Amino acid sequence: GVQTCALPIWAGSGSREACKQPCALSSHWDRLAPMPVADRATATRLAAELNDTRRKLTSAKARLRALDQALMDAGTHAREDHLTGALNRRGLAQNSDSKRAVARRHRQPLTLKRLDGDDFRGVNDQRSHGMRDAARVHFAHTVKCVLRPSDRFARLGGEEFGVLLQIGRAHV
């Protein structure tokens, strides 16, 4: 159980008080030697240093969380096509390793279907790059909407896309 803390607190007057806060480590406090503070100025300085260290620790923790998020974002960007949000070649390769293992374990076929959007070039010729990109995004969104959660969709490059399908025995 949680016991009451018996950590000594040294007041500026030299009187000794106990903390009395709930503390799971209270059994360890008796091993710590209290450090008496000679005067109020020293106590004030030490308290300021402690607060400064706490602020620095809080700031370092926030920076660490931001760096962790940036690392996760970089990993996502390394595996996803920035335009369509579909996997890119690297993302598909990483996903295909685990999909192959599952297919092998369940003795199910695994298929990669290639979808070539050559007609997107015509949109570019007749309209603009922006319209071609909008067509790619719409195409990717439409394909992702009809796929199963277990399927993987990727933009392999330019106008070329791929769908990795795990097909059960009933579909073979």
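Look up: the structure comes first, before these words.
The structure contained in this document is the topic of the report that follows. Small disclaimer: the values here were computed from a predicted structure and weren't measured.

### Quick word on the sheet that holds strand β5 (residues 110-116)
Next up, step 1: Sheet architecture is open: 3 strands sit in the order β5-β7-β6, paired in antiparallel fashion. For this open sheet the edge positions go to β5 and β6 (152-157), each flanked by a neighbour on one side alone. Neighbour-to-neighbour, the strand axes of the sheet open up by a mean angle of 25 degrees, direction not taken into account.
Next up, step 2: Pairing analysis gives 7 bridges linking β5 to strand β7 (residues 160-166), with the strands arranged antiparallel. In the sheet register, Leu115 faces β7, and the bridge partner there is Phe161.

### Some points on the pattern of salt bridges
Next up, step 1: All told, the structure shown has 10 salt bridges when counted by the stated rule.
Next up, step 2: Between Arg100 and Asp97 there is a salt bridge whose closest N-O contact spans 2.5 Å. Placement of both Arg100 and Asp97 in helix α2 (residues 89-106) is noted, with a separation of 3 residues, approximately one turn of the helix.
Next up, step 3: A relative accessible area of 45% means that Asp97 is categorised as partly exposed.

### Description of the packing of aromatic side chains
Next up, step 1: A full pass over the atoms with the stated rule returns 3 aromatic pairs.
Next up, step 2: Relative to Phe161, the ring of Phe153 has its centre 5.5 Å away and its plane inclined at 0 degrees; by these criteria the two rings are stacked. Comparing Phe153 with Phe161, the two get one shared label, buried.

### Some thoughts on the side chain of Lys99
Next up, step 1: One can find Lys99 in helix α2.
Next up, step 2: Buried and unpaired, Lys99 has no salt bridge, with Asp151 as the nearest side chain of opposite charge at 6.4 Å.
Next up, step 3: Only 2.5 Å separates the side chain of Lys99 from the backbone oxygen of Ser150, close enough to count as a polar contact.
Next up, step 4: With near-sequence residues (within four places) excluded, Lys99 lies in contact with Leu110, Ser150, Arg152, Leu164 and Gln166.

Cut-offs and rules
Residues numbered from 1 in each chain as written. Predicted model: local features only at pLDDT ≥ 70, side-chain atom pairs only at ≥ 80, totals over all residues. Heavy atoms only, no water. Pairing = 2+ DSSP bridges. Helix = DSSP H or I, 4+ residues; strand = E, 2+ residues; numbered from the N terminus. Axes fitted to C-alpha atoms, helices over the stretch in contact; angles between N-to-C directions. Salt bridge = Lys/Arg side-chain N within 4 Å of Asp/Glu carboxyl O. Buried < 20%, exposed > 50% of the residue type's maximum accessible area, 1.4 Å probe, protein only. Phe/Tyr/Trp six-rings, centres within 6.5 Å; stacked < 30°, edge-to-face > 60°. Lys, Arg positive; Asp, Glu negative; His and termini not counted. Polar contact = N/O pair within 3.5 Å; in protein donor to acceptor, adjacent residues only side chain to side chain. Contact = heavy atoms within 4.5 Å.

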